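Survey of secondary and tertiary structure
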Amino acid sequence: RGAAAPSHKAPRSRSVRSRSMSAPSLQRGRGRLRPGPPALLLLTLLLQPARPFYLPGLAPVSFCQSGQETESCKSNIEVFVNRLDSVESVLPYEYDAFDFCQNETEKRPSENLGQVLFGERIESSPYKFTFNKPETCKSICVKSYNPKEKLSADKLSFIKKGILLNYQHHWIIDNMPVTWCYDVEDGQKFCNPGFPIGCFVTQDGRPKDACVINSEFNKKNMYYVFNHVDIVITYHSGKNKDWEGARLVAAKLVPKSYNHADVTHLNCEGPPMEIPADDKEKKTNIVYTYSVTFQEDEKIKWASRWDYILESMPHTNIQWFSIMNSLVIVLFLSGMVAMIMLRTLHKDIARYNQIDSVEDAQEEFGWKLVHGDVFRPPRKGMLLSVFLGQGTQIFIMMFITLFLACLGFLSPANRGALMTCAVVLWVLLGTPAGYVSARMYKTFGGEKWKTNVLLTSFLCPGIVFVDFFITNLILWVEGSSAAIPFGTLVAILAMWFGISVPLTFVGAYFGFKKRPIDHPVRTNQIPRQIPEQSFFTKPLPGIVMGGILPFGCIFIQLFFILNSIWSHQMYYMFGFLFLVFIILLITCSEATILLCYFHLCAEDYHWWWRSFLTSGFTAVYFFVYAVHYFFSKLQISGSASTILYFGYTLIMVLIFFLFTGTIGFFACFWFVNKIYSVVKVD
């Protein structure tokens, strides 16, 4: 499985050690093998002590006890807080949006483009520890609320709203998520990289969400605030190793609720912290406290410290069979398609090439009859060429991003790396988009090259940007942390207009300088009449059927990807995703070629747009599945969250449509060129 994950999630990080795999060169002499001079040099180098190197953002940090600090070993452990999010709302909020304990001198680590686009807002917190120094029931701050003061009442009502929608804290210690581990069904333990603000008991006495963990949370119409955390930090000692101090390998906590009546004498015992849902008179004081303990564990290595989170994920054990089942079915169907195509085509070509007399040729029927029309330029060739250029750009971007993620280069510990890589690649791949679009447009006989290059640069990115801008306005109005700052928006526009557009013009220049792609047969001046088609060879049924097979091979992975985006679960199986990506390419190509062959046999030569739409229709199934997922799996409430969900989904559907459509088109384009180049045409 891949070691990477979506940028807004935090899976495991791995150290990458340099290894020399060279074997000494050997010389043969006097009946035995002996090392030559180059081999002796290599052996000397191999015997030198190897030094590990680490990918950026992955280097381990050593911690020492107070008074024993060195340049490479520190004693202070800081807790950083990320944005709060909820499965019941698409709107994330910064830690500062809620009235929690604030740090006196706020520090914000520099955020990359991927983090900003995903709405991650990491900042320092007042929770600070000293390595190996336990603390018990230590106070952080006291927050007081008076319902008669509007500002104070608004702050408390916002916390209540967060509790009602089950908003979750996300804390980070040593670039690792602080997890809340609890038992689920079948005696398994689930480690959640977040924990709730609190919980709510409804008017009919039904405990919601985390209220089920404690029988004391039983009063009707009552909010309970988790104002205390018991933190356990596990470390791996560096004794008898080549590094000093200790390395943190796990940070777990248990959220608790205590009503601290006496602020001067805290003991973290007694009844929970209650906030009545409809009390407009009573003043409320919330005391935030924590306890921290340290424990040594030599079994867990620093490089595998994420494993306990990933292994506890509820879907890990279920999906291997499902994925393998899907792959076997797709491979079986692909084999069937390839076998039918090769056998049938081989017979067709052999039969056509054996015909000598004109009379026999006139009696023939099938795909050879439309040779004079099969390369007739399509209607709306401009739009098709623009789509093909954009689709090529997206395909190369997805391939490189997934390949790097598969190798583990897009480190999850280096948050936002995946999204940053995808955006930067898309910007830099303007040249292939311009080249493909211009070359195909010239092949279609088009002459309006300026319109072509402008549409390639602005049409699809413009649609995405408008959608993105509208969703950003909604986020801004709602005060969400996912709203992109104005400066970042300007930077994205600068990358688009300053880098991507000029590169697209460069690609288009080279595309138009090239000759049009030569076709193996000439096109007749007068179009051939297309005979009456059966139901299955009409355009729409063929297009609808064409998307079923490619969608069948991705929908299981799609479920886990949507889970990682909307249900805030970690996605880390990039090895499987890359395999499914390759199988999607094969399936899109074969389904399109098969349907294209049937249509040509039915003497229907309008294959240009149909080949693009056949595999592109997979995106329609993607959208239908996203709608099903929204209503069956998510508990999202509120019009803003619903609009945002479908706004982001439409961006994904458009990108997927261009990508799959382009794959189908070029597969069909190669196939048609190939079959008409091997038959004799008078």
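Look above for the structure.
Now for a quick tour of the structure.

Criteria and cut-off values
Residues numbered from 1 in each chain as written. Predicted model: local features only at pLDDT ≥ 70, side-chain atom pairs only at ≥ 80, totals over all residues. Heavy atoms only, no water. Disulfide = S-S within 2.5 Å. Helix = DSSP H or I, 4+ residues; strand = E, 2+ residues; numbered from the N terminus. Buried < 20%, exposed > 50% of the residue type's maximum accessible area, 1.4 Å probe, protein only. Phe/Tyr/Trp six-rings, centres within 6.5 Å; stacked < 30°, edge-to-face > 60°.

Let us look at the state of the cysteines. This structure, assessed with the given rule, holds five disulfides. With a sulfur-sulfur separation of 1.8 Å, Cys 101 is cross-linked through a disulfide to Cys 141. With the S-S bond torsion at -80 degrees, the cross-link from Cys 101 to Cys 141 turns out left-handed. Linking Cys 101 in the loop between strand E7 (89-93) and helix H2 (113-117) with Cys 141 in strand E9 (residues 135-145), this pair joins segments that are 40 residues apart in sequence. Neither residue differs from the other here; Cys 101 and Cys 141 are each classed as buried. Paired by a disulfide, Cys 181 and Cys 191 hold their sulfur atoms 2.1 Å apart. Between Cys 181 and Cys 191, the S-S dihedral sits near 110 degrees, and the bridge is therefore right-handed. Here Cys 191 lies in strand E14 (residues 189-192) and Cys 181 lies in strand E13 (residues 180-183), a separation of ten residues in the sequence. Among the residues examined, Cys 181 registers a relative accessible area of 17% and is labelled buried. Once the disulfide-bonded cysteines of the protein are ranked by sequence position, their pairing pattern turns out to be 1-2, 3-5, 4-10, 6-7, 8-9.

The next thing to look at is unusual backbone geometry. Its identity is not glycine, yet Asp 209 carries a phi of approximately 50 degrees, on the positive side. Inspection of the secondary structure assignment puts Asp 209 in the loop between strand E16 (198-201) and strand E17 (222-225). At Cys 268, a residue that is not glycine, the phi angle is positive and equals roughly 50 degrees. Its location among the elements puts Cys 268 in the loop between strand E19 (246-256) and strand E20 (274-276).

The next subject is the packing of aromatic side chains. Under the definition given, this model contains 67 aromatic pairs. Ring centres of Phe 98 and Phe 100 lie 5.5 Å apart, and the angle between their planes is 20 degrees; this geometry places the pair in the stacked category. With centroids separated by 5.9 Å and ring planes inclined at 10 degrees, the aromatic side chains of Phe 665 and Phe 669 adopt a geometry described as stacked. A residue pair is termed a helical-turn pair when its members lie 3 or 4 positions apart in one helix, as Phe 665 and Phe 669 do in helix H17 (residues 639-677) at four residues. With respect to burial, Phe 665 and Phe 669 carry one shared label: buried.

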